[in-house]
Amino acid sequence: MSSHLEPVMRDSIMMIIGDGSNEMGLVYVEDTADALARAGRCPDAAGQVLIAVGDEHITQRQYFDALADGFGIPRIKKQVPYKVAFFFGWLGEFLARKGPRKAVMRRSAIAITGLPQRLRCDTTCELLDWRPRVSFEDGMRKTFEWYHARTRAPGAA
């Protein structure tokens, strides 16, 4: 988890893109590593495009609510229509090409956040005999245990 995400959420810069009901393709890092290790041991996986994703239906709003709760900050209330966010992503990229600034938000990040990402990983599950084992709730809990231990430790950056 990026240490840059907490200040953006804490400073109320973050917004829900659209109404927040779009599903997101999320999977816990340990489940991803397990799928990757299994693919490395499976000759039939060579050359295949495999998708490893959790099987829960988690929305953008649920994801951002879980992030806010984990950081101990208020939940995001502001929303921006998808097309408006996408336009400002394009504008930011355009202006960044014209000057010394970096684009604050890229269209790719807006698309990943604001569009439905309901993915199926049936092929991965069957080929690798793999299933995600960590629920969204447990994954967020584990992630924030790790994050808080790292950021609140003496000498942490």
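Here, the structure is the one placed above.
A look at the overall build of the protein chain
- When its secondary structure is counted, the protein chain shows seven helices and four strands.
- If one aligns the C-alpha atoms of the protein chain with their principal axes, the spans along those axes are about 50 × 40 × 30 Å.
- For the protein chain, the residues scored as buried account for 34% of the 157 residues in total.
- Put simply, of all contacts in the protein chain between residues at least 6 apart along the chain, 84% involve residues at least 24 apart.
- Working note: accessible area of the protein chain is about 10300 Å², and carbon and sulfur atoms make up 57% of it.
- Between the averaged position of the 22 positive side-chain charges in the protein chain and that of its 19 negative side-chain charges there is a distance of 10 Å.

Description of the nonpolar core
- With 16 residues, the main nonpolar core has Met9, Phe64, Leu67 and Phe71 as its most contacted residues.
- Every element with two or more residues in this core is listed here: α1 (5-10), α3 (60-71) and α7 (136-151).
- Considering each element in turn, this core owes the most residues, five residues, to α3.
- Within the second largest apolar cluster, eight residues are counted, among which are Cys42, Val53, Cys121 and Cys125.

Notes on α3
- Here α3 spans 17 Å end to end across 12 residues, near enough to the 16 Å set by a 1.5 Å rise per residue.
- For α3, the set of buried residues is Gln60, Phe64, Asp65, Ala66, Leu67, Ala68, Gly70 and Phe71.
- Downstream of α3 by a residue or two, glycine 72 has a phi angle that is positive, lying close to 75 degrees.

What to know about the side chain of asparagine 22
- When you line up the elements, asparagine 22 lands in the loop between β1 (16-17) and β2 (23-24).
- There is a polar contact of 2.8 Å between the side chain of asparagine 22 and the backbone oxygen of threonine 113.
- One polar contact links the side chain of asparagine 22 to the main-chain carbonyl oxygen of leucine 115, over a distance of 3.2 Å.
- Setting aside anything within four residues of it in sequence, one finds asparagine 22 in contact with Ile17, Ile58, Thr59, Gln60, Thr113, Gly114, Leu115 and Pro116.

Overview of the packing of aromatic side chains
- Counted according to the given criterion, the structure contains eight aromatic pairs.
- With a centroid separation of 5.5 Å and an interplanar angle of 15 degrees, the aromatic rings of tryptophan 90 and phenylalanine 94 are classed as stacked. Here phenylalanine 94 and tryptophan 90 lie together in helix α4 (residues 82-98), a separation of four residues that amounts to about one turn.
- When the centroid spacing of 6.1 Å and the interplanar angle of 80 degrees are considered together, the rings of phenylalanine 144 and tyrosine 147 count as edge-to-face. Residue phenylalanine 144 and its partner tyrosine 147 are both found in helix α7; the two are separated by three residues, about one turn of the helix.
- By relative accessible area, tyrosine 147 is classed as buried at 2%.

About the thresholds
- Residues numbered from 1 in each chain as written.
- Predicted model: local features only at pLDDT ≥ 70, side-chain atom pairs only at ≥ 80, totals over all residues.
- Heavy atoms only, no water.
- Helix = DSSP H or I, 4+ residues; strand = E, 2+ residues; numbered from the N terminus.
- Buried < 20%, exposed > 50% of the residue type's maximum accessible area, 1.4 Å probe, protein only.
- Contact = heavy atoms within 4.5 Å.
- Areas by Shrake-Rupley, 256 points an atom, 1.4 Å probe, with all protein chains shown as cover.
- Lys, Arg positive; Asp, Glu negative; His and termini not counted.
- Charge placed at Lys NZ, Arg CZ, Asp CG, Glu CD.
- Core = buried A, V, L, I, M, F, W, Y, C linked by side-chain atoms within 4.5 Å.
- Expected span 1.5 Å × (residues − 1).
- Polar contact = N/O pair within 3.5 Å; in protein donor to acceptor, adjacent residues only side chain to side chain.
- Phe/Tyr/Trp six-rings, centres within 6.5 Å; stacked < 30°, edge-to-face > 60°.

No statement about biological role is implied by the geometric values presented.
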